[in-house]
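The lines below spell out each chain.
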Amino acid sequence: MHLLPPSQFIFPDPMQVDPEGEGLICIGADLSPSTLFEAYTHGLFPWFSEGEPICWWSPEPRCIIRPHDYHPSKSLIRNMKKWDYQITVNHAFERVIRSCSLPRAYAEDTWISEDIIAGYCDMFDAGYGYSIEIWDENRIVGGLYGVTIGQGCFGESMFSTQTDVSKMAFYTLMLIGQENKLPWIDCQLVNDHLLSLGACTLSRQDYLNSLQDVVKQPAIDWKKYQEGVFSSKTIAQNARLSE
């Protein structure tokens, strides 16, 4: 993990500039690791379409999931045992984010532009990003990526090309959260899919209050996970990553 230089940009307090809770806080800046670090530690994240200026958001309410409240579905456990995929951590960050940027069946457009990809890859290289990959032999078939600061774990996007594989990556992330006693994992914007996985909402003020403590805690030791290759069957049977 690299010590980042101070950001040249100062982000405003979301509660002051957006008292109505519409979510859009400011426009501009860049996507350098220092800027992304500053934004995430102040409760903001970038979300904009390609060709538009960078927009920074802090929604009301905030969507989170508490790892210890997560319970995988019976169908997910069956598929993890049936197909026995290989699961890795931080082995293919760029491949995951590029896969997440591809058009989906329900939407041709994507907000994950080349600028976003470059910014988050730089964030990962600096030690503030993570990815979880699902492999079918030598082929990556699903995964997710996000930002990590202290004990703050911020989810960005996930993808799958086979049944339930993104949920397998999500389950793996929940186990990492449980093993590190994370109070929550940030899911940003609420939607039905996240709610079906066990997500809930916090008021923006409660999220921002909690965030200030979470990002100052000792960082998650991602190395102990990225050194291994996990079996989906073993995870489904034992409900843990660590021996």
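Each chain has its residues counted from 1, running along the sequence as written. Reporting in this predicted model follows two pLDDT cut-offs: at least 70 for local features of residues, and 80 or more for side-chain atom pairs to be given and counted; totals over whole chains, interfaces and linings ignore these cut-offs and use all residues. To get the side-chain values, take all heavy atoms of the structure and skip hydrogens and water.

- As annotated in an unreviewed UniProt entry, the protein chain is Leucyl/phenylalanyl-tRNA--protein transferase from Acinetobacter pseudolwoffii.
- UniProt positions are given in the numbering used here, feature names are shortened, and annotations may be inferred rather than shown by experiment. UniProt annotates the protein chain under Function (unreviewed entry) with the comment "Functions in the N-end rule pathway of protein degradation where it conjugates Leu, Phe and, less efficiently, Met from aminoacyl-tRNAs to the N-termini of proteins containing an N-terminal arginine or lysine."
- The Sequence similarities (unreviewed entry) comment attached to the protein chain in UniProt states, word for word, "Belongs to the L/F-transferase family."

**Focus: the packing of aromatic side chains**
Moving on, step 1. Ring geometry is summarised as follows: Phe, Tyr and Trp rings, the Trp one being its six-membered ring, pair when their centres sit within 6.5 Å, and such pairs are stacked at plane angles under 30 degrees, edge-to-face over 60 and tilted between the two. Across all of its chains, the model carries twelve aromatic pairs by this definition.
Moving on, step 2. Centre to centre, the rings of Y70 and Y171 are 5.8 Å apart; their planes meet at 45°, and the pair counts as tilted. One end of the pair, Y70, is in the loop between strand 4 (62-65) and helix 3 (74-83); the other, Y171, is in helix 6 (residues 165-179), and 101 residues separate them in sequence. We note that Y70, like Y171, is buried.
Moving on, step 3. Each member of the aromatic cluster is reached from another via a ring pair, and the members are Y40, F154, W184 and Y207. By definition, any uninterrupted DSSP run of H or I lasting at least four residues is a helix, any uninterrupted run of E lasting at least two residues is a strand, and each is numbered from the N terminus. Only protein chains enter the area calculation, which uses a 1.4 Å probe; residues under 20% of their type maximum are buried, those over 50% are exposed, and those in between are partly exposed.

**With respect to the sheet that holds strand 2 (residues 45-46)**
Moving on, step 1. Strands are labelled as partners when DSSP assigns at least two bridges between them. Spatially, 1-3-2 is the arrangement adopted by the three strands of the open sheet, whose pairing is antiparallel. Both outer strands of the open sheet, strand 1 (24-27) and strand 2, are each paired with one neighbouring strand and no more.
Moving on, step 2. Relative to strand 3 (residues 55-57), strand 1 runs antiparallel, the two sharing three bridges. When the bridges of strand 3 are listed, I27 appears paired with C55.

**Regarding the packing of helix 3 against helix 6**
Moving on, step 1. Axis angles are defined between N-to-C directions and span 0 to 180 degrees, where every axis is a line fitted to C-alpha atoms and, for a helix, only to the segment in contact. Axis separation between helix 3 and helix 6 bottoms out at 10 Å; the angle between their running directions is 100°. Taken together, the axes of helix 3 and helix 6 are roughly perpendicular relative to one another. Between helix 3, through L76, I77, N79 and M80, and helix 6, the contact on the second element is made entirely by K167, M168 and Y171.
Moving on, step 2. Grouping the constituent residues of the contact of helix 3 with helix 6 by class yields five nonpolar, one polar and one charged. Should an angle lie under 35 degrees it is considered roughly parallel, over 145 roughly antiparallel, and from 65 to 115 roughly perpendicular; all remaining angles are considered oblique. Should any heavy atoms of two residues lie within 4.5 Å, those residues are considered in contact. Amino acid classes used here: Ala, Val, Leu, Ile, Met, Phe, Trp, Tyr, Cys and Pro are nonpolar; Asp, Glu, Lys and Arg are charged; the rest, including Gly, are polar.

**Things to note about helix 5 (residues 114-125)**
Moving on, step 1. The terminal C-alpha atoms of helix 5, which comprises twelve residues, lie 16 Å apart, in line with the 16 Å expected from a rise of 1.5 Å per residue.
Moving on, step 2. Residues of helix 5 that are buried include every one of I116, I117, G119, Y120, C121 and M123, and no others.
Moving on, step 3. Where the residues of helix 5 are buried, they touch helix 2 (33-40), strand 2, helix 4 (93-100), strand 6 (129-136), strand 7 (139-149) and strand 8 (152-160).
Moving on, step 4. In the stretch just after helix 5, G127 is the one whose phi turns positive, near 95°. The length a helix should cover is 1.5 Å for every residue beyond the first.

**Points about helix 2**
Moving on, step 1. Taken across its eight residues, helix 2 has six buried, putting it largely inside the fold.
Moving on, step 2. Burial in helix 2 covers these residues: P33, S34, T35, L36, A39 and Y40.

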